[in-house]
Amino acid sequence: MDGLPQISDEMDDLPALGTMGGGFGGMDFPSTVSRMPTQLSKKAKAAVIVRILASEEVKLSLSHFPERTQVELARQMTDLRHIDRETMIAVVEEFLEELEAIGVSFPGGLEGALNLLDGTISPDTAAKLRKQAGFSLTGDPWERIADIDPERLLPILETESVEVCAVILSKLKVAKAAALLSLIPGDRARRVAYAISKTASVSPGVVQRIGISVAGQLDSQPPKAFADAPTERVGAILNFSSASTRDGVLEGLDERDKEFAEEVRKNIFTFANIATRVDARDISKVTREVEQDALIKALAGATGDAEPSREFILSNMSKRMADGLREEMENLGSVKEADSEAAMTAVVTAIRELEAAGEIFLLTGDD
């Protein structure tokens, strides 16, 4: 419900209701109750709206509001006890009138504005704005931290105490926390995992301060010019290089930095990898994306290490289509090396595009 108008100045930031469908069947008022004064304070009206939403099973996220607002809301709901139906309807009507009068609302605080502008302004500009604000975040810093890639959080987990790391992992979603824990060296990972067992007594204030500190460290990290890791970029370039160029570069990388060369190899996908990394059920999708002339040339020129991929493709299509392609390959005869490499690159490109679109998933060595 964020971004909707406030019920009152006193209870600021309380979200409003966009629609009131289905009436108020969830509210069960006694037939005889002491009528409350028709005139309620704005705080009381806010409590009435929250109560009606709860009766309609609309769960509001109020935890990121200031503590004083949450406390005041609870007090108002405790003091009200009962109100008559006419007062309830009057409060709702007033609320809807205020809601309909709002044309557009803007996020509160620097972080809300930067989240809204994400992808519009440069990372450098966002970092400067946060630095100028002294990292004084409004709202919950953990909402921002939850969207950060594990690789960016890893340097923080490597330098912070295990107690702080335990709090960070506890605030993240399980999948992301598990991914981060797997990146930490074994002994330290075990100590962090044990420290999580000691977080039961950590106060919300401490967790908030840790969140602000982590967000500040993230903002102080210099923005990266490249989104992909160096091994991924080299692998992507070699994917579309000739076999001789690729082999020569990898041989040179082996001599200079064998570990880097191995990581590059993991990011290379060539025609020869089709047999081991493409699911047999996805071959029909791949062949539909490649022009038949290019497919025939790629299959005809697939020899040596690429030959298993040729047979893998042909064996995972209908016998009639495979026989037709074999006949076309025989009629084509020998294919120039440059032409066959260009054709195989077209097949690899189609596979990469299907993977990027989520149409297929490449297998790993563990699959």
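Everything numeric in this text was worked out from a predicted model, so none of it was measured. (Residues numbered from 1 in each chain as written. Predicted model: local features only at pLDDT ≥ 70, side-chain atom pairs only at ≥ 80, totals over all residues. Heavy atoms only, no water.)

Section: the confidence of the model for the protein
Should the pLDDT be low somewhere, the predicted coordinates at that spot are not to be read in detail. Scored by pLDDT, the protein comes out at a mean of 79, with 77% of its residues at no less than 70. Predicted confidence is poor over residues 1-37, with pLDDT under 50, and the contacts of this stretch with residues over four places away or in other chains come to 85 contacts. (pLDDT = per-residue confidence, 0-100. Contact = heavy atoms within 4.5 Å.)

Comments concerning the packing of helix α13 (residues 243-256) against helix α14 (residues 258-266)
Contact geometry of α13 with α14 gives a least axis separation of 6 Å together with a crossing angle of 145°. Contact residues: Leu250, Leu253, Asp254 and Arg256 in α13; Lys258, Phe260, Ala261, Glu262, Val264 and Arg265 in α14. Grouping the constituent residues of the contact of α13 with α14 by class yields 5 nonpolar, no polar and 5 charged. (Axes fitted to C-alpha atoms, helices over the stretch in contact; angles between N-to-C directions. Helix = DSSP H or I, 4+ residues; strand = E, 2+ residues; numbered from the N terminus. Nonpolar A, V, L, I, M, F, W, Y, C, P; charged D, E, K, R; others polar.)

Notes on α13
Over its 14 residues, α13 extends 20 Å from the first C-alpha to the last, a length consistent with the 20 Å expected when each residue adds 1.5 Å. For α13, every residue scored as buried is listed here: Arg246, Leu250 and Leu253. All buried residues of α13 fall inside an arc of 60° around its axis, so they share one side. The exposed set on the far side of α13, more than 90 degrees from its buried face, consists of Ser244, Glu251, Glu255 and Arg256. Where α13 is buried, its residues contact α12 (230-239) and α14. (Expected span 1.5 Å × (residues − 1). Buried < 20%, exposed > 50% of the residue type's maximum accessible area, 1.4 Å probe, protein only. Arc of directions from axis to C-beta.)

Observations concerning the environment of alanine 195
Turning to its location among the elements, alanine 195 is positioned in helix α10 (residues 186-196). Along the primary structure alanine 195 and valine 162 are separated by 33 residues, whereas in three dimensions their C-alpha atoms are 6.5 Å apart. The contacts of alanine 195, once residues within four sequence positions are left out, are Val162, Glu163 and Ala166.

Quick look at the nonpolar core
In this structure, Phe271, Ile274, Val278, Leu299, Val347 and Ile351 are the most contacted members of the largest nonpolar core, which totals 30 residues. Those elements that provide at least two residues to this core are α16 (283-289), α17 (292-301), α18 (307-315), α19 (319-332) and α20 (337-356). For this core, the leading source of residues is α20, giving 7 residues. Sequence-distant contacts of leucine 299, defined by excluding residues within four places in its chain, comprise Phe271, Arg310, Ile313, Leu314, Leu325 and Met329. (Core = buried A, V, L, I, M, F, W, Y, C linked by side-chain atoms within 4.5 Å.)

Notes on the pattern of salt bridges
One pass over the full model with this rule turns up 12 salt bridges. Between glutamate 355 and arginine 352 there is a salt bridge, with the nearest N and O atoms lying 3.3 Å from each other. A residue pair is termed a helical-turn pair when its members lie 3 or 4 positions apart in one helix, as glutamate 355 and arginine 352 do in helix α20 at 3 residues. Note on glutamate 355: relative accessible area 30%, which makes it partly exposed. For arginine 352, a relative accessible area of 25% corresponds to the partly exposed category. Overlapping salt bridges bring together Glu307, Arg310, Glu311 and Arg326 as one network. (Salt bridge = Lys/Arg side-chain N within 4 Å of Asp/Glu carboxyl O.)

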